[in-house]
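Chain by chain, the residues run as shown.
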Amino acid sequence: MAKTVYSIVLDDEVVRAVDALAGSQGLSRSAAINRILAQHVQMDTAEQRIQDVFAVLEQMAQGSALQLLSASDAQMQLRSPLRYKYNPNVKYQIELYGGDPDALGMFRAGMRTQNSALLDCLDGFFQLWIQLEPRYLPRPEQLRYRLERGRLLRVLRHTGAGTTADTLGEALSEYVNLFDRCLKTYFEFRDDPQAEAAVAAVYCRGLTPVVMKL
């Protein structure tokens, strides 16, 4: 939604109450007033929609291999244990932009480790992933990635104006879980020449119509 600066006159007591509410919720005064007015006229703000999406993600993570690490107004972090020496955890982050017309948000996957063999394997999977998705997703020319050592960043595309918060939350949950299953399959077959075929099979089985739009 577009934002415009407005001048309004408020009672000092109202402003103090709004500031107290904003402080308790980690919001600015303007954001708190915007949320209060939106709720009063029964309109969802971009921030409220993100919260609704993350609520669905958090609920669905409880029944999966993913563990919730943290959540804020715009970001959610999860982790998943990886079968490898010392049982490392791969971390996933979903960031939603709210009012960006060009992108829904950003998906990040990565791991903090000094183990070069582990990083090589992780980077090998990331390279496979960015080759795999364009084969099966519509509008592959719109897919955008960035690779760093031990880290993958992938822009999330808008899924359409009619997508509800529940549907979007489920789609994001399915996407992260699919990525996690493919990663673990790759590590399971990392010394096998059929690793790419095994990952592709898991990927194709896990694709859903909404996930294909991300």
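Refer to the structure above for everything that follows.
The rules behind these values
- Residues numbered from 1 in each chain as written.
- Predicted model: local features only at pLDDT ≥ 70, side-chain atom pairs only at ≥ 80, totals over all residues.
- Heavy atoms only, no water.
- Helix = DSSP H or I, 4+ residues; strand = E, 2+ residues; numbered from the N terminus.
- Buried < 20%, exposed > 50% of the residue type's maximum accessible area, 1.4 Å probe, protein only.
- Contact = heavy atoms within 4.5 Å.
- Areas by Shrake-Rupley, 256 points an atom, 1.4 Å probe, with all protein chains shown as cover.
- Salt bridge = Lys/Arg side-chain N within 4 Å of Asp/Glu carboxyl O.

Asker: Would you mind going over the overall build of the chain with me for this structure?
Answerer: Counting its regular elements, the chain contains six helices and six strands. Written out in order from the N terminus, the α and β elements of the chain read α-α-α-β-β-β-β-α-β-β-α-α. Considering only C-alpha atoms, the chain reaches an extent of 70 × 35 × 30 Å along its principal axes. Counting the 214 residues in the chain, one finds 41% classified as buried. For the chain, the proportion of contacts with a sequence separation of at least 24, taken over those separated by at least 6, is 55%. Carbon together with sulfur atoms contributes 50% to the accessible area of the chain, which is approximately 12300 Å² in total.

Asker: I tried to follow the pattern of salt bridges on my own but got confused; where do I start?
Answerer: When their charged atoms lie close together, side chains carrying opposite charge are able to pair. By the definition in use, this model includes ten salt bridges. One salt bridge in this structure joins Arg149 and Asp120, with 3.0 Å as the shortest N-O distance. Here Arg149 is found in the loop between strand S5 (145–148) and strand S6 (151–156), whereas its partner Asp120 is found in helix H4 (residues 116–136), with 29 residues between them in sequence. The exposure class of Asp120 is partly exposed, given its relative accessible area of 45%. Residue Arg135 is joined to Glu196 by a salt bridge in which the shortest nitrogen-to-oxygen separation is 2.9 Å. On the criterion of sequence distance, the pair formed by Arg135 in helix H4 and Glu196 in helix H6 (residues 195–206) is long-range, its members being 61 residues apart. On the accessibility criterion, Arg135 (47% relative accessible area) is partly exposed. Assessed through its relative accessible area of 38%, Glu196 is described here as partly exposed. Because the salt bridges share partners, they merge into one network encompassing Asp120, Asp123 and Arg149.

Asker: Would you explain unusual backbone geometry in this entry?
Answerer: The phi angle of most residues is negative, glycine excepted, and most peptide bonds adopt the trans form. Look at Asn87: it is not a glycine, yet its phi comes out positive at around 50°. Tracing the backbone shows Asn87 in the loop between strand S2 (75–81) and strand S3 (89–96). Residue classification places Asn87 among the exposed residues on the basis of a relative accessible area of 58%. In this structure, Arg139 takes a positive phi of about 50° despite not being glycine. Position of Arg139 among the secondary structure elements: in the loop between H4 and S5.

Interpretation note: all reported values are geometric properties and have no functional meaning in isolation.
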